[in-house]
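# Examining the three-dimensional arrangement
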Amino acid sequence: MASSFWNRFFCGLVFLCFGFLGLITSPAEAAIKNYQFDVQVKNVSRLCHAKSIVTVNGRFPGPTIYVREGDRVVINVTNHAQYNMSIHWHGLKQYRNGWADGPAYITQCPIQTGSSYTYDFNVTGQRGTLWWHAHILWLRATVYGAIVIMPEQGTPFPFPQPYREAEIILGEWWNVDVEEFVKKANNLGLAPNTSDAHTINGKPGPLFPCSEKHTFVMEVEQGKTYLLRIINAALNDELFFAIAGHNLTVVEVDAVYTKPFTTQAILIAPGQTTNVLVQANQASGRYFMATRPFMDAPVPIDNKTATGIFQYRGIPNSVLPSLPQLPASNDTSFALSYGKKLKSLNTPNFPANVPLKVDRNLFYTIGFGKEPCPTCLNGTRFVASLNNISFEMPQVGLLQAHYFNLKGVFKTDFPDRPQTPFNYTGAPLTANLGTSTGTRLSKIAFNSTVELVLQDTNLLTVETHPFHLHGYNFFVVGTGIGNFDPAKDPAKYNLVDPVERNTVGVPTGGWTAIRFRADNPGVWFMHCHLELHTGWGLKTAFVVEDGPGSDQSVLPVPKDLPPC
């Protein structure tokens, strides 16, 4: 009798549980994903140092956003910190909805202390790994997290189904207060110090002091395949990543599937994401996953190696892990060959719709310079520019100024090419060629096709630059070392299956050509994703005009848009 009662009880409990799961995973319930982000200060210890950092929900890194393609996402951000805040949902296209894009003074004014703002957007036509981060000052040093977009229900991955997934977020750590030392460096006209450590999921690993307990460990089972969603959230460093003894199969970058290829290490720039498959097919043991910077220019970097542990189940922690062979920090040949292997999947289900006809050709040079600064230590400070124009941030959101036709906030006269051509990658030049400062944007006709060539220069020094375009993906149709040759280089473009992404590295002393269709109206930021260079003015924005259709113009202003 008692046995019959407990059988009925457990059957009923199972029925209720499955009924409840059915309710929360039904299409109607899953269509809207709600999140609460509380920006708050928390005390955190790393490298034998304790300090206060800005976090989301008290977590470092912040919470992962899990959505499915086709979902609507509603994220209420409440700012309890002493800094004004805005958050960018990096790589989400935000069609007609720049109000949810997040860069401070571009698509919104920041959320003031004690205030809230609700980001409301749809995830349409995208699936894969993206990320979110603060988009004001250097606050993304600690304010960042992953975005995982699963395919539509019933749609499989175009690669073998992994046994399990993990997010791997690469970052940086400073022992001092980041905002204070950046402010001090700017006042002195100097570059801020490099970070004290890199991190894997917020932890530097046991090669650093006081870091045994600050080590990310991923337990795996022999014979299983794992999907790693790798994000570079570092402020200023391109990074290599590898796992000792294991190959990585690249299957996606920036939430776009790629032709799979296998490599011992990947290279990932700030702002980029890379999904890899890794098989736990080696002798059971403990293996270091490791990351350190790539820099092939004479620029100071934090060259220390951060580590996590790839640990087979059942192996005791007393077993010493082995280190992977990462490429040399200045291995240009690896960087270039790795980039050439990245290609779009280009299948009927996932086509590469590369613009073959170009309506607008743009050529932007990347340059450094120094400008007078009487209060600075050496009487000068650094400035960075595109086409010799250093971008000046406005005090009003550019999207608001565009939407309401406010006068005097910005001009749409950004030049399509540099006014003074020169031997861009020849002998080092110390002049800044008369760099000017202004809030100058480029106006782009709706639905026109654009080719943009980004050219590094030897003004002060050559250096690699990862550029991010908000509101769009683009195709990387060509790249090369030296000066771009408009008569010869376009013949070498890949117009069949070039990689599609939202952030691309311009090689040291070289150029990169991208193409995109301007079908997303609004004001869209484009900038170097090295925070140091962005702060010096290496940024601009595009004003993409409205189209003729009723669904081809910028959406109305949200009621709770933060005031300026």
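The sections below set out a description of the structure shown in this document. (Residues numbered from 1 in each chain as written. Predicted model: local features only at pLDDT ≥ 70, side-chain atom pairs only at ≥ 80, totals over all residues. Heavy atoms only, no water.)

Counting secondary structure elements, the protein chain contains six helices and 32 strands. In summary, the protein chain has a C-alpha radius of gyration of 24 Å against a globular reference of 24 Å for 564 residues, a match within 12%. Projecting the C-alpha coordinates of the protein chain onto the three principal axes gives extents of approximately 90 × 55 × 50 Å. The proportion of buried residues among the 564 residues of the protein chain is 57%. Taking the intrachain contacts of the protein chain between residues at least 6 apart in sequence as the baseline, contacts between residues at least 24 apart amount to 79%. Summed over its atoms, the accessible surface of the protein chain is roughly 23200 Å², and 55% of this surface lies on carbon and sulfur atoms. With 43 positive and 42 negative side-chain charges, the protein chain shows a spacing of 2 Å between the two charge centroids. (Helix = DSSP H or I, 4+ residues; strand = E, 2+ residues; numbered from the N terminus. Rg over C-alpha atoms; globule rule 2.2 N^0.38 Å. Buried < 20%, exposed > 50% of the residue type's maximum accessible area, 1.4 Å probe, protein only. Contact = heavy atoms within 4.5 Å. Areas by Shrake-Rupley, 256 points an atom, 1.4 Å probe, with all protein chains shown as cover. Lys, Arg positive; Asp, Glu negative; His and termini not counted. Charge placed at Lys NZ, Arg CZ, Asp CG, Glu CD.)

With that out of the way, let us pick up the state of the cysteines. Any covalent bond linking the sulfur atoms of two cysteines counts as a disulfide. Enumeration over the complete set of coordinates arrives at three disulfides. Across a sulfur-sulfur distance of 2.0 Å, Cys48 and Cys210 are joined as a disulfide pair. Measuring handedness by torsion sign, the sulfur bridge of Cys48 and Cys210 sits at about 95 degrees and is right-handed. Highlighted residues: Cys48 in the loop between strand S1 (32–46) and strand S2 (49–56) and Cys210 in the loop between strand S10 (197–200) and strand S11 (217–220), separated in sequence by 162 residues. Residue Cys210 is classed as partly exposed on the basis of its relative accessible area of 47%. Across a sulfur-sulfur distance of 1.8 Å, Cys109 and Cys564 are joined as a disulfide pair. (Disulfide = S-S within 2.5 Å.)

This next bit is on the pairing of strand S12 (residues 225–232). By the criterion of burial, S12 is predominantly enclosed, with eight of the eight residues buried. Side chains Thr225, Leu227, Arg229 and Ile231 of S12 all project onto a buried face; the interleaved residues Tyr226, Leu228, Ile230 and Asn232 project onto the opposite face, where all are buried too. Here seven bridges tie strand S9 (residues 164–173) to S12, and the two strands are oriented parallel to one another. Bridging from a neighbouring strand, Glu165 pairs with Leu227 of S12. For S12 and strand S17 (residues 273–279), the ladder comprises seven bridges, and the chain directions are antiparallel. Within S17, the position partnered with Arg229 by the bridge is Asn275. (Pairing = 2+ DSSP bridges.)

Here we come to unusual backbone geometry. The residue after Phe60, namely Pro61, is reached through a cis peptide bond having omega -5 degrees. You can see Pro61 is positioned in the loop between S2 and strand S3 (65–68). The phi angle at Tyr105 is positive, at roughly 65 degrees, despite the residue not being glycine. A relative accessible area of 21% places Tyr105 in the partly exposed class. Positive phi is not limited to glycine here, since Asn201 has a value of about 55 degrees. Accessibility expressed as a relative area gives 13% for Asn201, which makes it buried.

Moving on, we come to the pattern of salt bridges. Evaluated as defined, the whole model comprises 17 salt bridges. A salt bridge links Glu219 to Arg313; its shortest N-O distance comes to 3.3 Å. Of this pair, Glu219 sits in strand S11 while Arg313 sits in the loop between strand S19 (306–312) and helix H4 (332–341); the two residues are 94 residues apart in sequence, bridging distant segments of the chain. For Arg313, a relative accessible area of 53% gives the class exposed. When salt bridges with common partners are traced through the structure, they connect Glu219, Glu221 and Arg313 into a single cluster. (Salt bridge = Lys/Arg side-chain N within 4 Å of Asp/Glu carboxyl O.)

Within a pair of aromatic rings, the relevant descriptors are the distance that separates the centres and the angle that separates the planes. By the definition in use, this model includes 35 aromatic pairs. For the ring pair Trp138 and Phe181, a centre distance of 6.1 Å and an interplane angle of 80 degrees mean the geometry is edge-to-face. Residue Trp138 is located in the loop between strand S7 (128–134) and strand S8 (144–150), and its partner Phe181 is located in helix H3 (residues 178–188); the two are separated by 43 residues in the primary sequence. Here Trp138 and Phe181 have matching classes, each one buried. With a centroid separation of 4.9 Å and 70 degrees between ring planes, the pair formed by Phe484 and Trp511 is classed as edge-to-face. Here Trp511 lies in strand S30 (residues 510–517) and Phe484 lies in the loop between strand S27 (474–481) and strand S28 (500–501), a separation of 27 residues in the sequence. (Phe/Tyr/Trp six-rings, centres within 6.5 Å; stacked < 30°, edge-to-face > 60°.)

Strands sit in the order S2-S1-S4-S6 across an open sheet of four strands; the sheet is mixed. Single-partner strands in this sheet number two, and they are S2 and strand S6 (116–122). Strand-to-strand twist of the sheet, defined as the mean angle between neighbouring strand axes without regard to direction, takes the value 20 degrees. (Axes fitted to C-alpha atoms, helices over the stretch in contact; angles between N-to-C directions.)

If you look at the biggest cluster of nonpolar residues, it comprises 80 residues, and the most contacted ones within it are Leu228 and Phe241. The greatest single-element share of this core, amounting to five residues, is contributed by strand S13 (residues 238–243). Leaving out residues up to four positions away in the same chain, Phe241 has contacts with Ile168, Leu170, Leu228, Ile230, Leu248, Gln264, Ala265, Ile266, Met289, Ala290, Thr291 and Leu326. (Core = buried A, V, L, I, M, F, W, Y, C linked by side-chain atoms within 4.5 Å.)

This part is about H4. Buried residues of H4: Phe334, Ala335 and Tyr338, and no others. Buried residues of H4, seen end-on, are gathered within an arc of 100 degrees and therefore sit on one face of the element. In H4, the exposed positions that point more than 90 degrees away from the buried face belong to Ser333 and Lys340. Summarising the contacts, the buried residues of H4 are in contact with S13, strand S14 (248–253), strand S15 (256–263), strand S16 (266–268), S17 and strand S18 (286–294). (Arc of directions from axis to C-beta.)

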